[in-house]
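Per-entry structural report
Each chain, letter by letter, is given below.
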Amino acid sequence: MTSTLLRGRTLSFVRWPETIDDHSAWRYEEDGGLLISDGRIVASGAYHDVEKQAGEGSKKIDHRPHLLLPGFIDTHVHFPQMQVIASYGAELLDWLNTYTFPEETKFANAQHGRRIARLFLDEMVRHGTTTVAAYCSVHKASAEAFFAESHDRNMLNIAGKVMMDRNAPDGVLDTPQSGYDDTKALIKEWHGKGRQHYAITPRFAITSSPEQMEMAGALCREHPGLHMQTHLSENHAEIAFTQQLYPRSRDYTDIYEHYGLLGKKSLFGHCIHLSEREADALSESGSVAVFCPTSNLFLGSGLFDYQRFRRRDKPLRIAAATDVGGGTNYSMLRTMDEGYKVIALNGEKLNPFQSFWQITRGNAEALSVADKIGTLDQGTDADIVVLDARATPAMRLRMETAQTLAQELFLLQTLGDDRAVREVYVAGRTAKSDMAN
Ligand SMILES: [Zn+2]
């Protein structure tokens, strides 16, 4: 087995960094090495120590002076929305009805699904994202297309066909029974195949009847190890309509609670306008609130209260995500730049170490996959991003005055995008430079 030895400035997190000086929260090697064999990191640390463990035949790749980090993780994204991103002038419900639902009807065509799945994962890799939790369309074929493409690339991805049986055009509706049957078949075919994970995906309470919510709950009970992903408390009109549809529920979260959808592997997109009771229910169940800053700003939905959610007596587990196509950029760097601004509007700060923790180890922990991805630890999968803080003339100029790692990271987040991503490794294989452009 030939191995690969990467050299560069390695950065990986051990835990949440409390402050900018909380050095024991991360591991940084100015001259770091990563030894990769069979898709895994088999040694990690100072280059000269790691080099000793590499065999004679190891392929050496020197990425100095660039940074090597774990590949970025996007915890909420809609792959069928590549052709609605950047659609003008709507809030959530209009945006869905005017742009998104008509677009998603195209995914009844399997060939269209395969084309977009390929272009979507290309775009993710170009931006340094090596894992996503993705919504497919309602069509079984869209999930098949996504998983086939993901499996071909040996990416660790989580995805599911959305379940939706009302309040949308016929072309994007299933039924409680067909949604259940298709989900069952997809789990059987794809979950655990290579690095693929299935997520049970009722789109949200507005587009699922009580009968379908029952079915989603049944699927979660029958497959307790699986992820569940949906949307929660994104905008006021959505919340009001949801309450009308489920008049007996105490609040929006209570609907999902009632059907048994809360839990440690449950991902709730947005969570902007939660009551204290709802936040308590999410916290007590270990559910994850997913922060989607570019989407929340673009659709005018509101400001996710990141630091308060972290600090409350019953803290929330938090993930960060693009939410493309409501989100406006595929890059997790751009996402955290906007995230920083949302947090600033709430009168708080997110320091650069916290930001990079969030899109690597933090998101891996939120997805319960930190034993496999999100760090550069020995024994984990070799999903790695190579970042260049001098990628553009403006970045190069600004780097002349950056003196610390914290400043460099903040510059990467504030000015960086796909141009700052020099290379990406997926399970040890170069993925960005191999891509045909
Ligand atoms: Zn979404």
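Keep in mind that what you see is a predicted model, and the values were worked out from it rather than measured.

Residues given the UniProt feature "domain: Amidohydrolase-related" (unreviewed entry) here are residues 68–430. As annotated, residues 68–430 has a helix share of 44% and a strand share of 17%, and its two end C-alpha atoms lie 13 Å apart.

This part covers the nonpolar core. Ranked by internal contacts, the top residues of the largest apolar core, which has 110 residues, are F120, F146, Y256, Y306, F356 and L387. Here this core gets six residues from one element, more than from any other, and that element is helix α3 (residues 110–126). Residue-level mapping places this core at the junction of two domains, with at least three residues from each of domain 1 (2–69 + 376–434) and domain 2 (80–365). Once you skip the residues sitting within four places of it in the chain, F146 turns out to touch F79, A117, F120, L121, V132, A134, C136, N157 and A159.

Time to look at the packing of helix α12 (residues 332–345) against helix α13 (residues 352–366). The geometry of α12 relative to α13 is characterised by a closest axis approach of 9 Å and an angle of 125° between their N-to-C directions. With respect to their mutual orientation, α12 and α13 come out oblique. As for the relative orientation of α12 and α13, their crossing is right-handed in sense. Across the interface between the two elements, M332, L333 and M336 of α12 pack against S355, F356, Q358, I359 and N363 of α13. Residue composition of the contact of α12 with α13, by class: five nonpolar, three polar and no charged.

It is worth spelling out the pattern of salt bridges at this point. Enumeration according to the criterion identifies 36 salt bridges in this entry. For the salt bridge of D31 with R7, the shortest nitrogen-to-oxygen distance reads 2.9 Å. A residue pair is termed long-range when its members are at least 10 positions apart, and D31 in strand β2 (residues 26–37) and R7 in strand β1 (residues 4–13) qualify at 24 residues. For E123, the salt bridge identified is with R126, shortest N-O distance 2.8 Å. In this pair, E123 and R126 are both assigned in helix α3, three residues apart and thus about one turn of the helix distant. One salt-bridge network, in which partners are shared between bridges, spans E276, D280, D305, R308 and R312.

Definitions and cut-offs
- Residues numbered from 1 in each chain as written.
- Predicted model: local features only at pLDDT ≥ 70, side-chain atom pairs only at ≥ 80, totals over all residues.
- Heavy atoms only, no water.
- UniProt positions renumbered as here; feature names shortened; annotations may be inferred.
- Helix = DSSP H or I, 4+ residues; strand = E, 2+ residues; numbered from the N terminus.
- Core = buried A, V, L, I, M, F, W, Y, C linked by side-chain atoms within 4.5 Å.
- Buried < 20%, exposed > 50% of the residue type's maximum accessible area, 1.4 Å probe, protein only.
- Domains from an automatic or database assignment.
- Contact = heavy atoms within 4.5 Å.
- Axes fitted to C-alpha atoms, helices over the stretch in contact; angles between N-to-C directions.
- Parallel < 35°, antiparallel > 145°, perpendicular 65-115°, else oblique.
- Left-handed = near helix turned anticlockwise from the far one by under 90°.
- Nonpolar A, V, L, I, M, F, W, Y, C, P; charged D, E, K, R; others polar.
- Salt bridge = Lys/Arg side-chain N within 4 Å of Asp/Glu carboxyl O.

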